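Below are the chains, spelled out letter by letter.
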Amino acid sequence: MRHSCQKEKRRRECMCHFGDDDIVIGHIRLNPVHVFPPIWLTDMEMDFYMDDGDDIYLLTIRNNDKRILTVLYTRKEIRDIVMELPTQGIDRQHLQGIIRALRSVPYAQKLRLGEQKIYALK
């Protein structure tokens, strides 16, 4: 019961990050934290608030060749998802591929504070 109360509180507190400029893909809403960079250098990152209808996450897309996804629970406020893959930019089609890759791993599984899970991306 305590976990669901914390999740509801987190959802209420984070809803201010969503609005008219949301990017909706299926049932997932994304809202960029900052402006998309015109040129993506190695290890450059783009952050999104992500609402999957059940919880709120901070999704970071990092441009590099590692092709891994890391789910971290390091802060009580929000869980982090870091997706590392080669990219030259972000558009709707690219985000759809990212969401498909995200759905292929159990990113929503319950983690303890300080725990992380790493998954290889295809």
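The rules we used
- Each chain has its residues counted from 1, following the order in which its sequence is written.
- Predicted model: local features are reported for residues with pLDDT of at least 70 only, side-chain atom pairs are reported and counted for 80 or more only, and whole-chain, interface and lining totals are derived from all residues.
- Only hydrogens and water are set aside when side-chain values are computed; all heavy atoms of the structure are taken into account.
- Numbering of helices and strands runs from the N terminus; a helix is a DSSP stretch of H or I covering at least four residues, while a strand is a stretch of E covering at least two.
- Computation of the radius of gyration draws on C-alpha atoms alone. For the globule rule, the value is 2.2 Å times the number of residues to the power 0.38.
- Accessible area is worked out with a 1.4 Å probe on protein chains only. A residue is then buried under 20% of its type maximum, exposed over 50%, and partly exposed in between.
- We get accessible surface area from the Shrake-Rupley algorithm with a probe of 1.4 Å; when it comes to residues, only the shown protein chains can shield them.
- Just so you know, the count uses Lys and Arg for positive and Asp and Glu for negative, and it drops His and the chain ends.
- To locate a charge, take atom NZ for lysine, CZ for arginine, CG for aspartate or CD for glutamate.
- Take a side-chain nitrogen of Lys or Arg and a carboxyl oxygen of Asp or Glu: if they are within 4 Å of each other, that pair is a salt bridge.
- Any pair of residues with heavy atoms lying within 4.5 Å of one another is described as a contacting pair.

1. Focus on the overall build of the protein chain
Next, step 1: Counting its regular elements, the protein chain contains two helices and seven strands.
Next, step 2: In terms of overall dimensions, the protein chain is globule-like: its C-alpha atoms have a radius of gyration of 14 Å, near the 14 Å expected for 122 residues.
Next, step 3: Its C-alpha atoms put the protein chain at 45 × 35 × 25 Å along the principal axes.
Next, step 4: For the protein chain, with 122 residues in total, the buried portion stands at 43%.
Next, step 5: Only carbon and sulfur atoms are counted for the fraction: they give 52% of the accessible area of the protein chain, which is about 7200 Å².
Next, step 6: Of the side-chain charges in the protein chain, 20 are positive and 18 negative, and the distance between the mean point of each set is 7 Å.

2. Points about the pattern of salt bridges
Next, step 1: This model, assessed by the stated rule, comprises seven salt bridges.
Next, step 2: In this structure, aspartate 22 and arginine 29 form a salt bridge, with 3.2 Å as the shortest nitrogen-oxygen distance.
Next, step 3: Here aspartate 55 ties to arginine 79 by a salt bridge, and the two come within 3.6 Å at their closest N and O atoms. Placement of aspartate 55 in the loop between strand S3 (45-51) and strand S4 (56-63) and of arginine 79 in strand S6 (residues 79-85) is noted, with a sequence separation of 24 residues between them.
Next, step 4: Taking relative accessible area as the criterion, arginine 79 reaches 6% and is therefore assigned buried.
Next, step 5: Several salt bridges converge on common partners, so that one network encompasses Glu45, Arg62, Lys66 and Glu84.

3. Remarks on unusual backbone geometry
If a residue is not glycine, its phi is most likely negative; likewise, a peptide bond is most likely trans.
Next, step 1: For aspartate 43, which is not glycine, the phi torsion reads 70 degrees and is therefore positive.
Next, step 2: Residues other than glycine seldom take positive phi values, yet arginine 67 does so here, at roughly 55 degrees.
Next, step 3: For arginine 67, the location among the structural elements is in the loop between S4 and strand S5 (68-72).
Next, step 4: For arginine 67, a relative accessible area of 39% puts it in the partly exposed group.

4. Re the environment of isoleucine 68
Next, step 1: Structurally, the position occupied by isoleucine 68 is in strand S5.
Next, step 2: Accessibility expressed as a relative area gives 21% for isoleucine 68, which makes it partly exposed.
Next, step 3: Between the C-alpha atom of isoleucine 68 and that of valine 82, which follows or precedes it by 14 residues, the distance is 8.2 Å.
Next, step 4: Non-local contacts of isoleucine 68, meaning those with residues more than four positions away in its chain, are made with Val82, Met83, Glu84, Ile118, Tyr119 and Leu121.

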